[in-house]
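# Structural overview for review
Residues per chain are reported as follows:
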Amino acid sequence: MPTDTNQPDATSTATPATSPAHAAWRLWILLVWHPALGLPVDPVAVLALDDSEDPAARVVRWVPLVYDAADPWRERLGESTTAEDMENWGTWLGACAVEPAAVPDGALDLAHAADLVLNILLAEVIPVLPLRGDA
């Protein structure tokens, strides 16, 4: 039976492979001290960097309603924050911490990737943390 050559190839509608740009994206969850737990486990922001650009493109998504708690990160982050800075800060012990995050499946661009990670934090992580109990 002859095939209809006017029909699109089934593989052309398949989900495209991961873009090479995704390989240059790096995401981190920025954490601050959680008074009730006594550890820097309170997420206040998501930082996304695209190392394929020079300087690296940067997107920061702040967790709503934690403006004061996020001050240490607001003071630390600059327009030229690099992946190397994040790696160095990840080893720093104190009131702040950094946790690397995977690029979510289906992220369309760097901002969308940061938004997806923030949504996960808001839906799954922050609700199970105890109340801050700021002292």
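Residues numbered from 1 in each chain as written. Predicted model: local features only at pLDDT ≥ 70, side-chain atom pairs only at ≥ 80, totals over all residues. Heavy atoms only, no water.

### Quick notes on a nonpolar patch on the surface
Together, L37, L39 and V41 line one region of the surface with nonpolar side chains, adding up to about 220 Å² of accessible area. By the element assignment, L39 lies in strand β2 (residues 39-50). Owing to a relative accessible area of 45%, L39 belongs among the partly exposed residues under this scheme. (Patch = residues over 30% accessible without salt bridge, like charges linked within 9 Å, V, L, I, M, F, W, Y side chains within 5 Å. Areas by Shrake-Rupley, 256 points an atom, 1.4 Å probe, with all protein chains shown as cover. Salt bridge = Lys/Arg side-chain N within 4 Å of Asp/Glu carboxyl O. Helix = DSSP H or I, 4+ residues; strand = E, 2+ residues; numbered from the N terminus. Buried < 20%, exposed > 50% of the residue type's maximum accessible area, 1.4 Å probe, protein only.)

### Considering unusual backbone geometry
Positive phi is not limited to glycine here, since L65 has a value of about 70 degrees. As for its placement among the helices and strands, L65 is situated in the loop between β3 (57-62) and α1 (71-76). Accessibility expressed as a relative area gives 90% for L65, which makes it exposed.

### Describing the pattern of salt bridges
With the rule as written, the count across this model stands at 2 salt bridges. The salt bridge partner of R74 is D71, with a shortest N-O separation of 3.3 Å. Here D71 and R74 lie together in helix α1, a separation of 3 residues that amounts to about one turn. Under the relative-accessibility criterion, R74 is labelled partly exposed at 26%. Residue classification places D71 among the partly exposed residues on the basis of a relative accessible area of 27%.

### Regarding the pairing of strand β1 (residues 25-34)
Burial within β1 is extensive, with 8 of its 10 residues counted as buried. Note that β1 and β2 share 9 bridges and pair antiparallel. Considered in β2, the bridge of L31 is made with P43. Count of turn residues in the β1/β2 antiparallel hairpin: 4 residues, of which G38 carries a positive phi of about 70 degrees. Pairing of β1 with strand β4 (residues 96-101) involves 6 bridges; the strand directions are antiparallel. Looking at β4, one finds that L27 is bridged to A101. (Pairing = 2+ DSSP bridges.)

### Side note on helix α3 (residues 110-125)
Between its first and last C-alpha atoms α3 spans 21 Å; for 16 residues at 1.5 Å apiece the expected length is 22 Å, and the two agree. Within α3 the residues assigned to the buried category are L110, A113, A114, V117, L118 and L121. Projection of α3 onto a plane perpendicular to its axis shows the buried side chains occupying an angular sector of 135 degrees, all on one side. Opposite the packed face of α3, turned more than 90 degrees from it, sit the exposed residues A123 and E124. Buried positions along α3 lie against β1, β2, β3 and β4. In this structure D109 caps α3, since a side-chain oxygen of it lies 3.2 Å from the backbone nitrogen of A111. (Expected span 1.5 Å × (residues − 1). Arc of directions from axis to C-beta. Contact = heavy atoms within 4.5 Å. Polar contact = N/O pair within 3.5 Å; in protein donor to acceptor, adjacent residues only side chain to side chain.)

In short, the description is geometric, and any link to function would need to be established separately.
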